[in-house]
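# Close look at the chain arrangement
As a plain string of letters, each chain reads:
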Amino acid sequence: MKERILSFVVVILFIVGLVLFLPVLVLKGSKGEIGWLAFELAIGGYGEEIPAGEDGDGDDTPSPPPDQVDPHQNKMARDPNTPGIYVWFPQGATSVPVEVRTYYSSLPPGLPALPGNVGSPFFFGAWIRGEGVTLNKFNPPIVLNAPYGNAGVSQRSVETPGAGGLSFLSGWPLVLAAQPALPLLVPSEVVLAPYGMLPPTQEQQLRLNMYNPATESWEKLCSSVNVYTKRVSGVLALPTPFEAGGNTLLAIAVDDTPPLSQVVDEQGMTTLSLEGVRTRLQVLPGTVEQGVHFEVTLLAGVPDQAGLKLLADPIDIKACQVDHIINEKSTQITQFSKPLGLEFDYEADILASAGGKANVTIVVLQNGQWADLEEFGYQVIRDEDKIKVDTDRLGTFSLAAR
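Because the structure is a prediction, the values reported are computed rather than measured.

### So, the overall build of the protein chain
Each helix and strand in the protein chain was counted, giving four helices and 28 strands. For the protein chain, with 402 residues in total, the buried portion stands at 48%. Within the protein chain, contacts between residues at least 6 apart in sequence are counted, and of these 64% link residues at least 24 apart. Surface accessibility of the protein chain: about 19800 Å² in total, with carbon and sulfur atoms responsible for 57%.

Okay, here's the thing in C-alpha cells:
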C-alpha cells in the first residue's frame, strides 16, 4: 500500500514538473521560429549582451556594436544606453550606415498631452554615420518595440463584436471571406494566449504613437501588443523628426477610436467610415491581402497653412499588416495594386466660406506641408455635396479651401 502511494506521489510530481517546465523547453527549442519579441527581448530585459552570432545576419561571426546598422543589413538593433527598446531593421530598410539612438524623456514644454498615455515618451533616431542627421524614410519599414508598465492600463473588458451584428473595432485585422463577389470583412482575435484566447482588454488597445510637429498632434502607428512580455511594437515607415534632422518623439497610449463602420456594395467594394466623421475610404476587391486592416487617427485643432484653409479635421490613414506572433514580419502597406477612393462631404456653408465649389480641394501632408492633390496630377471630382479623389497612396488628408 505504501509503495502504491509513493508511486502515485512520484507520478503527480512528474506531471506537475512537466506542466511547469514544458513551456520553457518549447520556448528555448523554438527560438528560431518565435521571433525576437519572444526570445531576444527576454535577453535585453535582464541587461545581458546579445551573444555573438545572434545579430540577425544569419552567420556565426562576432556581432558588431548593437547600435550599428550597415547598409542592407537584416538586424535587430538597440541603443546600449536604453537596452529595453529594440528596433528591427529588415534588409533594405536603410542603404546607408546608421547608429540607433533611443532615450526616454518627459513631454517637451508646450506639447499636447497624449490621451490614454501609458509610461514615458521616448525619442528615436537612426543617425546617418558621419552626417549628423537622421533618416526620414524606411522601405521596407522598421519595427520599434518598447516595454510598458501596468500603470494607466485598465483590465476592464471592452466591447467585442456581437454574433448578431457586424461591429468592427479599429485596428483589428480584417479577414476576407471566400466569396469573391461579396467579400465579407470580419474581425479576428489579435492576441494569442499560451493556453487559449483571452478576452480583449484596454491593454490590447495599446498603440505606439508618433508626434507630428506639422500638425501639432499625435498619430497612431501600425501596432501590436504582447500582454505577456508587456511590450508594444510599432511599424515606422516615415519618421517625423521633432526637430529638423533630429529624433522622432513616440509614446504608448490606449486607443479609444470609435469602431470603423464597413459597408459592402453589390460589386464587392468596401466603404470604411468613422462615426461622426464625414470622410469615407473606398476599397475595391483584391486591393489588399487577407489580414490587412486600416488604422485611422482623427487630428483635431490642426493649424491652417499660409494660402490654404482647412475645412475639416485632417484624418491620418494607414494600411497595416500585423503579425502578432513574429512581430518583425509586421509592416505598413505603402503601395496598392488598385486605387483607393477618398471622399469628403461638405455642406452649403462650407462652399460659401471657400468661395464656391471650385475652390474646395483635398490636400495631403507632404514633408510637413499641405499639398493639393491636383498638383500631383490626381483627378479631384467635385459634386454638389461631396468631393472625391482616387489615390494610390495613404497618409494624412484634409478638406481645404485654396
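What follows continues from the structure just given.
### So, the side chain of S233
Mapped onto the secondary structure, S233 falls in strand β14 (residues 231–236). Separated by 2.9 Å, the side chains of S233 and N145 make a polar contact.

### Some words on the state of the cysteines
On inspection of all chains with the given rule, the structure shows one disulfide. Each sulfur of the disulfide joining C222 and C320 lies 2.0 Å from the other. Because the torsion about its S-S bond is -70 degrees, the bridge between C222 and C320 counts as left-handed. Of this pair, C222 sits in strand β13 (residues 222–226) while C320 is found in strand β21 (residues 315–321), placing the two residues 98 residues apart along the sequence. Judged by its relative accessible area of 1%, C222 is buried. For C320, a relative accessible area of 0% corresponds to the buried category.

### So, the nonpolar core
Counting residues in each nonpolar core, the largest one holds 35 residues, and the members touching the most others are L281, F294 and L394. Setting aside chain neighbours within four positions, we find L394 in contact with L281, F294, I317, K318, A319, F336 and L340.

### A few points about the confidence of the model for the protein chain
Per-residue confidence for the protein chain gives a mean pLDDT of 79; residues scoring 70 or more make up 71%. In this model, residues 22–57 is a region of pLDDT below 50 whose contacts with residues beyond four sequence positions or in other chains number 60 contacts. Across residues 155–199, where pLDDT falls below 50, the model places 99 contacts with residues more than four positions away in sequence or in other chains.

Cut-offs used in this document
- Residues numbered from 1 in each chain as written.
- Predicted model: local features only at pLDDT ≥ 70, side-chain atom pairs only at ≥ 80, totals over all residues.
- Heavy atoms only, no water.
- Helix = DSSP H or I, 4+ residues; strand = E, 2+ residues; numbered from the N terminus.
- Buried < 20%, exposed > 50% of the residue type's maximum accessible area, 1.4 Å probe, protein only.
- Contact = heavy atoms within 4.5 Å.
- Areas by Shrake-Rupley, 256 points an atom, 1.4 Å probe, with all protein chains shown as cover.
- Polar contact = N/O pair within 3.5 Å; in protein donor to acceptor, adjacent residues only side chain to side chain.
- Disulfide = S-S within 2.5 Å.
- Core = buried A, V, L, I, M, F, W, Y, C linked by side-chain atoms within 4.5 Å.
- pLDDT = per-residue confidence, 0-100.

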